[in-house]
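# Structural overview for review
For reference, the chains in residue letters:
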Amino acid sequence: MVGLQAAWLFDAGYRVVALLGLFGAVLPMVFGMAYLLIPSYVGRTLSTGRLPGVQFVASYVGTGLLVAHELFGLRRIVMTAGIVCWSIGVAVFVATLLRTVGPALGTSQDLVGLSGTQSRRSTRLATVAIPVGFGYLVAGTVVLLSIAFDLPIPLTPTFPTVVHFYATGFVALLIFALGVQLMAGFFRVAPPRPLTYLLLLSGGIAPGLLATTFYRPPWFVVGAGLELVAMVGYGVAVTIVVSRTDRRRVGLSGIWLGALAGVLAVGVAVARVTGFLDPLAIGVHVVGALNGFLLLTVLGYAYQFFPVTSGQFPGATERSGRTTILLLGTGTGLYALGTAVELPWLPIAGGVLSFLGAGGYAYLMVRRLRWGLNGE
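Only a predicted model underlies this, so the values are computations on that prediction, with no experimental measurement involved. Just so you know, the residues in each chain are numbered from 1, in the order the chain's sequence is written. Only residues with pLDDT of 70 or above have their local features reported here, since the model is predicted, and side-chain atom pairs are shown and tallied only from 80 upward, although totals for entire chains, interfaces and linings are computed over all residues. With hydrogens and water excluded, all non-hydrogen atoms of the structure serve as input to the side-chain values.

### Some remarks on unusual backbone geometry
Pro218 follows Pro217 through a cis peptide bond whose omega is 5°. In this text, helices come from DSSP runs of H or I with a minimum length of four residues, and strands from runs of E with a minimum of two, each type numbered from the N-terminal end. Checked against the element boundaries, Pro218 lands in the loop between helix H7 (193-212) and helix H8 (219-244). Of note in this structure, Asp11 is not a glycine but carries a positive phi near 55°. Topologically, Asp11 is positioned in the loop between helix H1 (2-9) and helix H2 (14-41). The residue Arg188 is not glycine, and still its phi comes out positive at about 60°. Mapped onto the elements, Arg188 comes out in the loop between helix H6 (159-187) and H7.

### Concerning the nonpolar core
Nonpolar cores were defined as sets of buried Ala, Val, Leu, Ile, Met, Phe, Trp, Tyr and Cys residues, with membership established by side-chain atoms within 4.5 Å. Note on classification: 1.4 Å probe, protein chains only; a residue is buried when its accessible area is under 20% of the maximum for its type, exposed when over 50%, partly exposed between these limits. The biggest cluster of nonpolar side chains holds 108 residues, and the ones touching the most others in it are Phe23, Phe93, Tyr166, Phe170 and Tyr234. For this core, the element with the most residues is H6, which contributes 19 residues. In what follows, residue pairs with any heavy atoms lying within 4.5 Å of each other are defined as contacts. Residues within four places of Phe170 in sequence aside, it is in contact with Leu27, Val30, Phe31, Phe93, Gly133, Phe134, Tyr136, Leu137 and Phe165.

### Thoughts on a nonpolar patch on the surface
Each patch is assembled from residues with relative accessible area greater than 30% and no salt bridge, linking like charges that lie within 9 Å and nonpolar side chains (Val, Leu, Ile, Met, Phe, Trp, Tyr) that lie within 5 Å. Per-residue and other accessible areas were derived by the Shrake-Rupley procedure at a 1.4 Å probe size, with only the shown protein chains allowed to occlude residues. Whenever a carboxyl oxygen of Asp or Glu lies within 4 Å of a side-chain nitrogen of Lys or Arg, that contact is scored as a salt bridge. Taken together, Leu9, Phe10, Ile348, Val352, Phe355 and Leu356 make up a surface patch of nonpolar side chains, about 580 Å² in accessible area. Examined against the element boundaries, Val352 turns out to sit in helix H12 (residues 345-374). Judged by relative accessible area, Val352 falls into the partly exposed class, the value being 40%.

### Examining the packing of H7 against H8
Convention adopted: a line fitted to C-alpha atoms gives each axis, helices being fitted over their contacting stretch, and angles between N-to-C directions are expressed from 0 to 180 degrees. Relative to each other, H7 and H8 sit at 150°, their axes nearing to 7 Å. Classified by chirality, the crossing of H8 by H7 is left-handed. The residue inventory of the contact of H7 with H8, partitioned by class, reads 19 nonpolar, 4 polar and 1 charged. Should the near helix be turned anticlockwise from the far one by less than a right angle, the crossing is left-handed, and should it be turned clockwise, the crossing is right-handed. Under the scheme applied, nonpolar residues are Ala, Val, Leu, Ile, Met, Phe, Trp, Tyr, Cys and Pro; charged residues are Asp, Glu, Lys and Arg; polar residues are all the others, including Gly.

### Description of the environment of Leu145
With respect to the element layout, Leu145 can be found in helix H5 (residues 120-149). Among all residues touching Leu145, those that are not within four sequence positions of it are Ile83, Ser87, Asp150 and Leu151.

### Observations regarding the packing of aromatic side chains
Two rings from Phe, Tyr or Trp (for Trp, the six-membered ring) form a pair when their centres sit within 6.5 Å of each other. Planes less than 30 degrees apart are called stacked, planes more than 60 degrees apart edge-to-face, and all others tilted. As enumerated under the stated definition, the model contains 24 aromatic pairs in all. Look at Phe176 and Tyr234: their rings are 5.3 Å apart centre to centre, the planes differ by 50°, and that puts the pair in the tilted class. Of the two residues, Phe176 sits in helix H6 while Tyr234 sits in helix H8, which places them 58 residues apart along the sequence. Residue classification places Tyr234 among the buried positions, given a relative accessible area of 0%.

### What to know about the side chain of Thr96
Within the secondary structure, Thr96 is located in helix H4 (residues 76-105). Thr96 gets classed as buried once you look at its relative accessible area, which sits at 1%. Setting aside anything within four residues of it in sequence, one finds Thr96 in contact with Tyr35, Leu46, Ser47, Thr48 and Leu51.

In structure tokens form, the structure reads like this:
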């Protein structure tokens, strides 16, 4: 995550940004949250404690090789090895969780959800969205493998296709599905049921259209519109929680800012594909989606699960946590604004602030987890 902020500062290409931010930061954090949350969501315990370690080694080796290939122009075999390692990690992840939760997915009485305030039908729909998200993860990995080995698949094997399968199909859909339950559990406010249905249904359909018809009208425009509906629905749901809850925890600010950034990022993308904005809007979309929606949301939930105030080390305060979120959010906003209006100093200022915010978060979370493990 810190490396991603350095990439923004040095004006790296979109592929480097996606590899560092999505493969290196967002996806591993979501994998970790999935290991933590999904088994308990269906009343199960993770079937093994060793395979997640295998997955993270394979995933980070694969990401490192892919980043090195992109940065230094290494031979194609390095890229191929990176894709193979990454794909092994994804296979281990999917197999581990399916082995744990698979038997419970078709049994409604086993579903416990993540809060006691959501209806069973809402919990059921969110549960259906989870394997859909896993399907998008697998589909993106198949496309990635086809890039390396020229596999005969009915999709165009491009990196943007992989990114949309991963970011909108897997990560965003899991944020929608688990988020409505987590917000009710953490903040004791359940989003309205019709809103939950709307964002889950549109958020489940949109990624397939976006990835399979990338920049090919009319279905790509339809997919972008459905993703905007889902993102606006999620943003409204988070805003309702923020306005009604009396539990003002640190992580909620990150979750809310992330939702607002997601609405902006997808709104800009829809305006671009419908011809209302010029190509510069793509830069706003990328930084808003990756740095804004995905990272800020994941950081917000990380602060909820691992509150820094429970640790005993310098900086373990709510003010420190809020400061990291404010720095990352402000930096992301300035970077996006500078990209839109073509003022070179704004992206630099935004990049510096984002770098400080990410570095501060990394310090707080590493110290918090180390304190929790060692009981310091």
